[in-house]
Amino acid sequence: MHTLENQIVDSSFSAIINAPIEKIDIPTWCFTLSEKEYQGCSPAHIAAGFTTAADGTRMSINVETIGGSLMVQHYHETLGEKNHLILDSDSDVFTPNGRITIHVTWELSVKKLDTNRCEFTNRVQSYATDEMMAFLDRQGIPFELFRTQRQPMSIAHNKGETPLFAASIERAALRNSATKAA
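Just so we're clear, the structure is a prediction, and the values are computed from it rather than from any experiment. (Residues numbered from 1 in each chain as written. Predicted model: local features only at pLDDT ≥ 70, side-chain atom pairs only at ≥ 80, totals over all residues. Heavy atoms only, no water.)

**Q** Explain the side chain of Asp-92 to me, and be specific about the residues and the numbers.
**A** Among the structural elements, Asp-92 can be located in strand S5 (residues 84–95). Residue classification places Asp-92 among the buried positions, given a relative accessible area of 9%. Within the structure, Asp-92 has its side chain in polar contact with the side chain of His-74 (distance 2.8 Å). Here Asp-92 is in contact with Leu-70, Met-71, Val-72, His-74, Arg-99, Ile-100 and Thr-101, once residues within four sequence places are set aside. (Helix = DSSP H or I, 4+ residues; strand = E, 2+ residues; numbered from the N terminus. Buried < 20%, exposed > 50% of the residue type's maximum accessible area, 1.4 Å probe, protein only. Polar contact = N/O pair within 3.5 Å; in protein donor to acceptor, adjacent residues only side chain to side chain. Contact = heavy atoms within 4.5 Å.)

**Q** Break down the sheet that holds strand S1 (residues 7–17) for me, with residues and values.
**A** Backbone-to-backbone hydrogen bonds pair the strands of a sheet. The strands run either parallel or antiparallel. Reading across from one edge, S1-S7-S6-S5-S4-S3-S2 is the order of the seven strands in this open sheet, with antiparallel pairing throughout. Here the strands that pair on one side only, and so sit at the sheet edges, are S1 and strand S2 (45–52). Direction aside, neighbouring strands of the sheet carry axes that sit 20° apart on average. In the sheet, S5 pairs with strand S6 (residues 98–114) via 12 bridges, with the strands oriented antiparallel. Residue pairing in the sheet places Ser-89 in a bridge with Val-104 of S6. Where helix H3 (residues 130–139) meets the sheet, it contacts S1, S5, S6 and strand S7 (117–128), and its direction lies at approximately 130° from that of S6. (Pairing = 2+ DSSP bridges. Axes fitted to C-alpha atoms, helices over the stretch in contact; angles between N-to-C directions.)

**Q** Report on a nonpolar patch on the surface, specifying residues and quantitative values.
**A** Residues Ile-46, Leu-70 and Phe-94 make up a contiguous nonpolar surface patch of roughly 220 Å² in combined accessible area. One can find Phe-94 in strand S5. (Patch = residues over 30% accessible without salt bridge, like charges linked within 9 Å, V, L, I, M, F, W, Y side chains within 5 Å. Areas by Shrake-Rupley, 256 points an atom, 1.4 Å probe, with all protein chains shown as cover. Salt bridge = Lys/Arg side-chain N within 4 Å of Asp/Glu carboxyl O.)

**Q** Give a description of H3 that names residues and reports values.
**A** The complete set of buried residues in H3 reads Met-132, Phe-135 and Leu-136. The buried residues of H3 occupy an angular sector of 95° when the element is viewed end-on, so they sit on one face. Residues Asp-130, Asp-137 and Arg-138 are exposed on H3 and point more than 90 degrees away from its buried face. Following H3 by one or two positions, Gly-140 has its phi on the positive side, about 75°. (Arc of directions from axis to C-beta.)

Dropping the structure here:
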């Protein structure tokens, strides 16, 4: 269960997209994002791909390193609207002391500022799973200490990738409108 008590981070940053909101389609961008484009959005991004879950929902698979830990994220689409995408993942985190899971909710949205500009918001929330809490207990690490150490790394990662994601979504929106005009 995801509660404030087991929340590790709730980080949100925004950036401007210089494209009309009508041209933006966040789910299409996310589920067609090339690995090279994903890597260009953060030096911590290693690999990306997309697939479908057993129930047919779209998935984005992302591999990145945050705070020295390799993460494999299995994002399932839980809300997919052109201007609002919510993805949930029980992500694998590879630590020096073993593999654990962490729950991550990744929310991307845009709102219209004027006819040619939008505000993009990239929100990441993460929560300790029961498995992770047991892992921390076995290591003798208080959850509060873990949370305090993890937050700055996660927040810095989100802050760095947000304007680069916005630029990537902008390129996709402008490329798609140019393709439709041709």
